[in-house]
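Chain by chain, the residues:
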Amino acid sequence: MIINASNDEPKKIGIMGGTFNPVHHGHLVTAQEALDQFGLDEVIFIPTGDPPHKIEDLLAHAEDRYLMTVIATSSNSSFFVYRVEIDRKGKSYTIDTVKELRKLFGSGSELYFITGADAILEILTWKNTREIVTLAKFIAATRPGYDLSKIKELKTTLFDSEDEADRRIFIMEIPALAISSTDIRQRIKIGRPVNYLVPEGVNNYILKHGLYK
Ligand code: NAP
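The rules we used
- For every chain, the first residue of its written sequence is number 1, and the numbers climb from 1 along that sequence.
- Selection of residues for local features in this predicted model requires a pLDDT of at least 70, selection of side-chain atom pairs for listing and counting requires 80 or more, and totals for whole chains, interfaces and linings are taken over all residues.
- By convention in this description, side-chain values take in all heavy atoms of the structure and omit both hydrogens and water.
- In this analysis, rings of Phe, Tyr and Trp, with Trp reduced to its six-membered ring, are considered paired at centre separations within 6.5 Å, and the interplanar angle assigns stacked below 30 degrees, edge-to-face beyond 60, and tilted for intermediate values.
- Counting from the N terminus, the helices are the DSSP runs of H or I reaching at least four residues and the strands are the DSSP runs of E reaching at least two.
- Think of it in three bands: with a 1.4 Å probe and only protein chains considered, a residue is buried below 20% of the maximum accessible area for its type, exposed above 50%, and partly exposed in between.
- Being paired, for any two strands, means DSSP has found at least two bridges between them.
- Think of each axis as a best-fit line through the C-alpha atoms, taken over the contacting stretch in the case of a helix, with angles from 0 to 180 degrees between the N-to-C directions.
- Angles below 35 degrees are treated as roughly parallel, those above 145 as roughly antiparallel, those between 65 and 115 as roughly perpendicular, and all remaining angles as oblique.
- If you view the pair so one helix is near and one far, a crossing is left-handed when the near helix is turned anticlockwise from the far one by less than a right angle, and right-handed when it is turned clockwise.
- It only takes one pair of heavy atoms within 4.5 Å for two residues to be counted as in contact.

### Here we look at the packing of aromatic side chains
- A full pass over the atoms with the stated rule returns 8 aromatic pairs.
- Between F113 and W126, the ring centres sit 6.2 Å apart and the planes meet at 75 degrees, which makes this aromatic pair edge-to-face. Remark: W126 occurs in the loop between helix 5 (117-120) and helix 6 (129-135) and F113 occurs in strand 4 (residues 110-116); sequence separation between them is 13 residues. For the residue pair F113 and W126, the accessibility class agrees, reading buried in each case.
- Aromatic pair F113 and F138: ring centres 5.4 Å apart, planes at 45 degrees, arrangement tilted. Note that F113 is positioned in strand 4 and F138 in strand 5 (residues 137-142), a separation of 25 residues in sequence.

### Examining the pairing of strand 4
- Of all 7 residues that make up strand 4, 5 are buried, and the element is covered over most of its length.
- Across 5 bridges, strand 1 (residues 12-18) lies against strand 4 in parallel orientation. Of the residues in strand 4, the one forming a bridge with M16 is I114.
- When strand 4 meets strand 5, the two strands line up parallel, connected through 5 bridges. Bridge pairing in strand 5 places Y112 opposite K137.

### Notes on the packing of helix 2 (residues 62-73) against helix 10 (residues 200-209)
- At a minimum axis distance of 8 Å, the contact between helix 2 and helix 10 shows a crossing angle of 150 degrees. What the angle tells us is that helix 2 and helix 10 run roughly antiparallel. Considering only the axes of helix 2 and helix 10, their crossing is right-handed. On the side of helix 2, the interface is formed by D64, L67, M68, I71 and A72, while helix 10 contributes G201, V202, Y205 and I206.

Here it is in structure tokens:
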């Protein structure tokens, strides 16, 4: 799917980064909330290709994760899917993705990288952390009851002042993130249903291709 990229005028772009193994309603609610709370023009889902930190038994093929993400987002005119990390050779690093989007949308645009709080807590181990946080703001999506103290610690480590940290890393609590991809995969493995946890088209895709068995 082609993203709606133009650098004619500055935009506020959400970059929804994740493995999406599989994409579920928690992810969709997160993207919609970010769109609304941060006044974004669009949210671009970017499924990871070859995740640098991930060795997982039940990791569906990148092409399947990409197609399920396209199916899940197809009815929302503000959601797009970009396959840059799937098509990139070698390991997928967020710094490369953010730089690519900066080029596409122009330097006047604001980028908001949206992902799970647990993933953001690992950001110090990512490639070029300091540069990423200057190129994009971060929205850490959390499940209810999440311990926020570690995110606060991270903000102190990354930024000189609390003020700057609060302008660059945001926390968004999403009750629908009680749904998790891990739980969905486990349910499928033992033959339990996942309808209503994932969009109907995604459920059909999983069944048709026998994923996560
Ligand atoms: P993960 O460890 O699989 O996920 C951590 C937690 O965050 C899980 O609970 C996950 O729930 C949740 N989550 C993941 N993406 C989310 C999203 N977009 N919205 C809401 N919750 C989300 O993390 P990951 O998927 O591998 O990586 C997340 C992002 O960080 C990706 O874009 C990845 O490329 C980036 N990353 C970059 C580097 C690097 O540049 N070196 C290293 C690691 C990760 P579910 O399992 O239910 O999704």
